[in-house]
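Listed below are the residues making up each chain.
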Amino acid sequence: MTLVRHELRQGRVGFWIWTGAIAALILICIVLFPEMKTQMDSVSEMFASMGAFSAAFGMDRLNFGTLLGFYSVECGNILGLGGAFFAAFIAAAALAKEEKDHTAEFLLTHPVSRVWVVTQKLIAIAVQLIAMNAIVFLLSVAGVAFIGEEIPWKELSLLHLAYFLMQVEVAGICFGISAFLRRGSAGIGLGLATVLYFLDLIANISDKMKALKYCTPFGFTDGADIVTEGALDAPLVAVGMAVTAVFIALAYWQYSRKDIR
């Protein structure tokens, strides 16, 4: 697992920056909730009546005056976008950076197969995603306890699980793309995450575009659906994990046969 340790050491600064930023923003939102709670009745009515904007973020189906409603929208968007960007950032360059940084000639002369190289890089990505989500979840729970609110364990756990699975899919797609690149590009990963996010907004706004939810991992992170149903959308999750598996398989196939310069 030498390569795993190397990847984790190499990415530790970025990991702590992304994790710290996401956790800090979520904690700020949680701490602000008690002050905003008394004003939320009128705000909820206003948001619920904003048509397409309300539908895009699920605010027409959530009570903004409750912790879960507030958390699903405010904290959910922070974790959704921040987590997706982080997953894309670390996965998009995972394989391509060896050529970009001219380290492939050193790495691939060692007695390890390319399959093992891909596997260790995948493990490093998984460790970072698990660690980031675990830290953010624990700090979120601590923040809710700090403001004196009852912790909605089931709904909170489902929300964070959905965002973790979304990050896994984004990372899997970007990892597969990375195998086809010769220069690691964070821009490609971040751009892809942004496009997937807006596809979900479009699907929420228009009933005719609901099928787009099957094209984006953000489709099963809809806080309104999770809170009201008390469960994740199993078909959407299944499609997302299947897409992840396909792109990871592509990464193994391409990197094993790739002419690395």
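Given the structure is predicted, the values throughout are model-derived calculations rather than measurements.

Q: Can you break down the packing of aromatic side chains residue by residue, with the values?
A: Within this structure, the stated rule accounts for seven aromatic pairs. A centroid spacing of 5.4 Å and a plane angle of 80 degrees characterise the contact between tyrosine 197 and phenylalanine 218, whose relative ring orientation is edge-to-face. One end of the pair, tyrosine 197, is in helix 10 (residues 186-205); the other, phenylalanine 218, is in the loop between helix 10 and helix 11 (223-229), with 21 residues separating them in the sequence. Residue classification places tyrosine 197 among the buried residues on the basis of a relative accessible area of 10%. Taken together, the aromatic side chains of Phe15, Trp16, Trp18, Phe86 and Phe89 make up a single cluster linked through ring pairs.

Q: Hey, could you go over the packing of helix 8 (residues 114-146) against helix 9 (residues 153-178) for me, with residue numbers and the actual values?
A: For the pair helix 8 and helix 9, the least separation of the axes is 11 Å and the interaxial angle reads 155 degrees. Judged by the inter-axis angle, helix 8 sits roughly antiparallel to helix 9. Considering how the two elements wind past one another, helix 8 and helix 9 form a crossing that is right-handed. Contacts between helix 8 and helix 9 involve Val118, Lys121, Leu122, Ile125, Leu129, Ile130, Met132, Asn133, Val136, Phe137, Ser140 and Val141 on the former and, on the latter, Trp153, Leu156, Ser157, His160, Phe164, Gln167, Val168, Ala171 and Phe175.

Q: Lay out the nonpolar core with the relevant residues and their values.
A: With 62 residues, the main nonpolar core has Ile26, Ile125, Val170 and Phe175 as its most contacted residues. Secondary-structure elements contributing two or more residues to this core are helix 2 (12-37), helix 5 (67-92), helix 8, helix 9, helix 10 and helix 12 (234-257). Considering every element that reaches this core, the biggest residue donor is helix 5, with 15 residues. Once residues lying within four places of it in the same chain are set aside, the contact partners of isoleucine 26 are Tyr71, Cys75, Ile78, Leu79, Val136 and Ser140.

Q: Quick rundown of the environment of lysine 37? Include the residues and the values.
A: Examined against the element boundaries, lysine 37 turns out to sit in helix 2. Filtering out sequence-adjacent residues up to four positions away, lysine 37 remains in contact with Gly65 and Glu149.

About the cut-offs
- Residues numbered from 1 in each chain as written.
- Predicted model: local features only at pLDDT ≥ 70, side-chain atom pairs only at ≥ 80, totals over all residues.
- Heavy atoms only, no water.
- Phe/Tyr/Trp six-rings, centres within 6.5 Å; stacked < 30°, edge-to-face > 60°.
- Helix = DSSP H or I, 4+ residues; strand = E, 2+ residues; numbered from the N terminus.
- Buried < 20%, exposed > 50% of the residue type's maximum accessible area, 1.4 Å probe, protein only.
- Axes fitted to C-alpha atoms, helices over the stretch in contact; angles between N-to-C directions.
- Parallel < 35°, antiparallel > 145°, perpendicular 65-115°, else oblique.
- Left-handed = near helix turned anticlockwise from the far one by under 90°.
- Contact = heavy atoms within 4.5 Å.
- Core = buried A, V, L, I, M, F, W, Y, C linked by side-chain atoms within 4.5 Å.

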